[in-house]
Structure formats: structure tokens, C-alpha cells
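Each chain is listed here by its residues.
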Amino acid sequence: MSGPAPSAAASPRGFVIDRADGRRQLPGSLHVNRRLSQWLGFAEPGVVRVHTGKVELGQGILTTLRLLVAEELDVPRAAVRIFSASTDRGPDEGVTSGSLSVQDSGGALRHACAEVRGLALERAARRAGVPADTLSVREGKVLADDGRSLGDYWSLLADADLDIEYQGRWLPKPAAQRRLMGRDDNERIDLADKVFGRARFLQDLRLPGMLHGRVLRAPTLAATLASWPPRGIDGWPTGVRCWADGRFVAVVAPSEREADAVADQVRAKLEWTPGEPLPDMHGLPAFLRQAPNDTVLTLQRGDAGTPAGGTAHRAEYFKPYLAHASIGPSCAIARWDGTRLEVWTHSQSIHNLRDDIALAFSDGPVRVAKDAIVVRHVEGSGCYGHNGADDVAFDAVMMAMACPGQPVRVQWTRADELSHSPFGPAHLVELQARLDEDGNITHWKHEAWSNGYSSRPGRSRTPSLLAASERAASTPLPLPINPPVPAGGGAERNAEPRYTLPNLELVHHRLTVMPIRTSAMRALGAYVNVFAIESFMDELAASRGEDPLAFRRRHLQDPRALAVLDEVVARSTWWRQRAQEPDGIGHGLAWAKYKNSGAWCAALVRVQVAEGVRVLAIDLAVDVGMVVDRDGVINQFEGGAIQSTSWALKEAVGFDARGITTTGWDTYPMLRFGEVPEVRVHVIDRPDEPPLGAGEAAQGPVVAAIANAVHDALGVRMRSLPLTPERILRAIHDAET
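A quick note: this is a predicted structure, and the numbers were derived from the prediction, not measured. (Residues numbered from 1 in each chain as written. Predicted model: local features only at pLDDT ≥ 70, side-chain atom pairs only at ≥ 80, totals over all residues. Heavy atoms only, no water.)

## Observations concerning the overall build of the protein
Reasoning step 1: Along the protein, the regular secondary structure elements total 16 helices and 26 strands.
Reasoning step 2: Its C-alpha atoms give the protein a radius of gyration of 27 Å, near enough to 27 Å, the size a compact globule of 737 residues would have.
Reasoning step 3: For the C-alpha atoms alone, the extent of the protein along its principal axes is close to 80 × 80 × 50 Å.
Reasoning step 4: Among the 737 residues that make up the protein, the fraction classed as buried is 59%.
Reasoning step 5: Long-range contacts, defined here as pairs at least 24 residues apart, represent 78% of the contacts in the protein between residues at least 6 apart.
Reasoning step 6: As presented, the protein carries roughly 28400 Å² of accessible surface, and 50% of it is formed by carbon and sulfur atoms. (Helix = DSSP H or I, 4+ residues; strand = E, 2+ residues; numbered from the N terminus. Rg over C-alpha atoms; globule rule 2.2 N^0.38 Å. Buried < 20%, exposed > 50% of the residue type's maximum accessible area, 1.4 Å probe, protein only. Contact = heavy atoms within 4.5 Å. Areas by Shrake-Rupley, 256 points an atom, 1.4 Å probe, with all protein chains shown as cover.)

In C-alpha cells form, the structure reads like this:
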């Protein structure tokens, strides 16, 4: 059995839009998707069909893009219909990540809409014999200066060829002409279904004749299947199939109940041969320092090292492995008819996923060409980076290949999600600095140890899909890499402080072993790097007996950084009352410019420390440049702040030598609703500046501000996450002894 001959393998995809391709520079993702027809269509009267390569992950991006289209075309928001990303239509925009959707997809749509608006005005002007600059658009209709209607988009563009390259003859509206942007009354197009429990998620999707699959996995990346079939099982119920391909064990059944029952039966009988044991969970900092690695000097400015003289300070900060821990475990559906493969997935990168599926089947008895694969995005139940969505999609493909003609739905369990989806890497940071006699920082060194932060599909010459590494004819999982620093970096993200530092050295040690699988997690290395830098700044200020905010101001020249710090202090209702607080209440501040090229965020945090740490209030001041959807910006920062609080106080992947041990909510605790702090977001709108992403900018400042607040309350510095009661007691004991 074979499909079409495979197409030539594509080169691994980059992390950012390739603008060094010799072509005329176009805005955002228009540069690589240059035809207007890839973005917009007007075939249905009264409806603007919009295609985007970015996907809805719960961040509200489709709502924001709809608003941009309605603004630039001057049509009702209800007239804009946005279609979920699919590889068989619309633009290829790579991965939805890095807080880049508004910049890349939004920028492309703004300019494409401006061009289409201009084309409609030109056509109306020619028909009416009037200058185009005397016309306006209202509710999709082109109006003369005397109020006469000269047609609408659908009539004026009925015979227009939009399969043309964007020329840039008409530009987006200036700030003074915008009516919709920057407001907070923009209705989320995805929210009603979620509030009223209507079927919206991929987990809800059912196709005719659908089978149900489950996968049984080895406890570690190195373990192997001892034998097959399992001893003590004589056969399978009617209609159920169960097989092993290498160490990939699959169950496919007519119903979920049967699939679960057989999977439980097989799981109890499977025997695995252990491979190399996992490192000591309690000795991870030492493991990270000692593991084989590639050392990269990321940046050196001025003198290296920290010379003698002045006041020297050194500290070490640690972040454990973190799990995505989505409430809804990953799910996918695949169908193979012998020549064409269809996949429904909540992947962040449907085109990258298609690349890796084609790569996985480029050799062997069944070959599938890239152009015979259609990958469709269907919204999943939350995503914070590279979770199990791509892996479960390939699980479904593997099972569909064995059951041609019928769709196979694979649903991971909670334990699958918490033990086999990629984790955010454990990460160790050591900082050294020197202050001169006036208290100015003269030298700064940042040294870090971690695995890479990206093993997404489409970025290696071997598939990065888990099941592809488990088959009998397998290739090892590629080691995770880091995005280039100009693209934001991975482990190095935000490692360069934005302070005035004449002598700076940044060194990263990327591990070349991967005992536990890692990849992208929200904010990547910025979470721990900002935690370290902003904690260290507090420590340096304390060594001088100086106010932490004043110390930061002395070392800052960025006016927009100073503006968010000024704004958050001015808008907080409790910050100025710190001196009147009772014992056990602490306050902390921190700030960062995400990726040093994105949004500015300053955080103030109020905590109570008793048996443990409780975050009472968080104030954020944020600058995302031009604000498109104010409510969406606030939602993103609120969500980021709450998740960062959960990471800071509770979350860590647990494991022993034999595998992951945190496989449920009882062992992988998260912040509960009753523990959520009050979060207030103060947005600085800069309508004449480019828009910047909001999704990841809060992660680092919030955890750093929490740690600084705990120190303010206890007088004890916490440098290892999470800030659990046990760690706090240990830190108090260490401080006393």
C-alpha cells in the first residue's frame, strides 16, 4: 500500500520571517504571503472572508484580527468572518507563538485591507467620474461627498482579481481616523460557545464512522518494550485492534469505553526495560552544571569578568521543569483513504506539523507526499507553548494508517499529558556584578545552564514527533535548540538586562543530553532570566541600603521603561501605604521589556507570608504600543500574571529515576480559584507606535516581583522556584545557620 511519491524534503523552517530573500520588503506576514487573495475574499454578499495562518489558542487573536479588518475596511464587525487556519487555504504563517500574531498577521491584514479599500475607492471613483480622495467608506458602502452611495465592496469588487501581489499604494489609517481600536467593548467571537458549553473544541468534534484510539508509552525516553504481546492476554474484543510498532503501543476501538478498557488491561501487563535513569530531582542545579553541553558566548561588551575592587555580588537562581498542564488533555483526529491524509489538530503550527508528518513518511512501505496532507486547526482547550498537540496528531496519523477509510480520534489522558508532553526546561542562572564606590553597576555577568527551548516540528531534519521516535524504524528525537537571539532567543531570552551596564558578559551552556524532553513554554527563558535579574537588582540595591525603585531608575535610560514604572506606582492604590502594613505583608516590584524588543511591563506585588505565600494583589502597567483591543490586552496580561503566580508558588515537574511522578492534580498542584489575586492592568496606549504582543510579557516581571515581596516580608531571599512552604523553611534555616 502506498500513496503518491513523496515530494522533496523541505528545509527546516526558521523562527522568524525570512526578509533577506532579495524581494521587496512587505509588512508582517505579507512578505511571505504576498497575494491579497490569500487573506481576503468578497464572494459572499455582505461577508468579508478573512484567512489567517495564526490560530486561536484562547488568547483572543481571531477577535483582534476581526477588529483590525473591520477598522481598515469600515465594515461592521459582524460582517467579518474569520476562518480557522488550514494548510489547504489561506496564508502560511508558521507558528503562533512569541506574542507575534498582532505584529505579523495583524500587520499583514491591516495593509491588505488598506489596499483593498483603495481598490474599491478607485473603482467607485472611475464609475462616478469623481476623484477618489473625495470618497469615504461607511458600513462597507462607498459614499460620495454629497452622501450618495456609489456601491459597496461586494458590487465594486465583484469582477476584481485579488489574486495579485500587494503593492502598498494605499496605507492603513492614521490614528486620528480610527474608530474601533483601543476600546474595551470588543466582543470576543469565541466566548459565547465557551460560556454556554456549546461544542467548539477539537475534543468535541465527532466524525461519521469514527474510531477511538489510545496510546501506551514507555515511562522514559530511554525505556524499551520488553516483549510483545503482553503475557496473560489471550486476545482482543470484537472490533478492537491493539498492536506495537517498536515501543509505540496503540489501541483502536469502536467506542471510547472499549478503548479505555483495553488500554487499562494492556497497561497493567506491559513490561518495560528501563534505560538510563533520570537524574536526581533534588540535585538538578548540580546536574545542569555537570551535564555535557555546548557553551556559547552570547554577548560581550566591554571588559569580561568582574575585576577586584568596589563591591562584588554573586547569586544563583533556579527554575524547575514546568508542565503545560492544560485542563483539557491533547486530542487529534486523522483520516487516511490510501492517497490523502487529513488531520484535525489544535497544534500551534499546522504547516510545521505537516512538514514533519511528510518527513516521517518519506521512507518506508507507506509514503505520503506533503501535498497529499491537509492539516486543519480546530481550537483546543488551552495552550502555553509546545504541548502534546503535535504528538497526539501523529499518534492519530499512525493509527489512521492502520485503519484506512475511517477517522481515528486519539484522546490523551491526564497522565499522558503530564508525563509525555514536552516540558519547559529546568534552568540555572548565575549572576555576578560589581558596583563602584558611587553605587553604579560597572560589570555584569550572566551565565546559564539549560536544555534548549524549542523542539517544535518543522525545525529539524528528523521528525520531532514523539511516536516517530518510538517506531521500530525510528529516528531519535532531535535535541531542543534555541531560537537565534535576534529572533528573541530561547534560554537567552531577556538575559541581557535593559539597564546601563558598560561591561557585560552573557554565557549560555546548552545541554547536549536530554533525560527529560523539553521545548517551548510561555515566555521561554525570559521567565527565569527576568526572575534572576530583577531579584539581583533588589539584592544590589539592598547592599547599598538604597530603595529598589530608585536604584533601578539610576540605571535606566529607556523612557518607556521609566514610564511603565511611573505609571504602575502612580496607579496602585496600596503601594504608597507600605509603611502601615502589618508584619507578614511584603511588597515587591520588577519590570522587563519582553524579548528586549516587545512590550514593556512593570509589576507591583503584595503578598502575605504565613504558613505559605499568598499573593494578594498584582498591579501591572503595560506598554504594547498601539492598542488594538484594550480588553484583549488586559485579558492577556491578567492570564499571564495568574499563570506566573501559579508557577512561582506551586508548580514543578516531579520525577524519580524511573520516570515522571507528577501525573495528576494531586501531585502537580496549580493555583486554585480561591487563591487567585486581584490583578489590575493599567494600559498605556501609544496609537502612533507599532503594536506589540501581550501574551508573554507578564511572566518574568510577576515572578520577580513575588520573590522580591517575599524577601520584603521575611527578610529572607528566595532564589529557587517554586516558593513552597518547604523551600521557605529551608531558606530561613539556612539564613539562621
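## Structural notes on the pairing of strand E15 (residues 341-345)
Reasoning step 1: Summarising burial for E15: five of the five residues are buried, a large majority.
Reasoning step 2: A two-sided burial pattern is seen for E15, the buried positions comprising Leu341, Val343 and Thr345 on one face and Glu342 and Trp344 on the other.
Reasoning step 3: Sheet topology places strand E14 (residues 331-336) next to E15; five bridges connect them, and they run antiparallel. Across the sheet, the residue bridging to alanine 332 is threonine 345, located in E15.
Reasoning step 4: Following E14, the chain reverses through four residues before pairing antiparallel with E15; glycine 338 in that reversal takes a positive phi of roughly 100 degrees.
Reasoning step 5: Looking at chain direction, E15 and strand E16 (residues 373-377) are connected through five bridges and run parallel. Bridge assignment links glutamate 342 to a residue of E16, and that residue is valine 374.
Reasoning step 6: With helix H7 (residues 350-360) bridging E15 and the parallel E16, this β-α-β connection has right-handed handedness. (Pairing = 2+ DSSP bridges. Right-handed = clockwise from strand over helix to strand, strands pointing away.)

## Topic: the sheet that holds strand E1 (residues 40-41)
Reasoning step 1: Sheet architecture is open: three strands sit in the order E1-E2-E3, paired in mixed fashion. What marks the edges here is a single partner per strand, and that holds for E1 and strand E3 (80-83).
Reasoning step 2: Where strand E2 (residues 48-51) meets E3, four bridges bridge the pair, whose relative direction is parallel. Among the inter-strand pairings, valine 48 is bridged to a residue of E3, identified as valine 80.

## Focus on a nonpolar patch on the surface
Reasoning step 1: Nonpolar side chains collect at one region of the surface, where Leu191, Val195 and Phe196 lie side by side and expose about 330 Å² of accessible area between them.
Reasoning step 2: Mapped onto the fold, leucine 191 is located in helix H4 (residues 191-195). (Patch = residues over 30% accessible without salt bridge, like charges linked within 9 Å, V, L, I, M, F, W, Y side chains within 5 Å. Salt bridge = Lys/Arg side-chain N within 4 Å of Asp/Glu carboxyl O.)

## Remarks on helix H14 (residues 630-649)
Reasoning step 1: For H14, built from 20 residues, the straight-helix expectation of 28 Å at 1.5 Å per residue is met to within 8% by its first-to-last C-alpha distance of 29 Å.
Reasoning step 2: Of all the 20 residues making up H14, 14 are buried; the element is thus mostly covered by neighbouring parts of the structure. (Expected span 1.5 Å × (residues − 1).)

## Here's the deal with the pattern of salt bridges
Reasoning step 1: Evaluation of the coordinates by the stated rule reveals 58 salt bridges.
Reasoning step 2: When the shortest N-O distance is used, the salt bridge between arginine 314 and glutamate 430 registers 2.9 Å. Of this pair, arginine 314 sits in strand E13 (residues 311-319) while glutamate 430 is found in strand E18 (residues 427-435), placing the two residues 116 residues apart along the sequence.
Reasoning step 3: Overall, the relative accessible area of 46% leaves arginine 314 in the partly exposed class.
Reasoning step 4: Take glutamate 430: its relative accessible area is 8%, and that puts it in the buried class.
Reasoning step 5: Between arginine 340 and glutamate 342 there is a salt bridge; the shortest N-O distance is 3.2 Å.
Reasoning step 6: Put simply, Arg188, Asp190, Asp193, Lys194, Arg198, Arg200 and Glu379 are held in one network by salt bridges that share partners.

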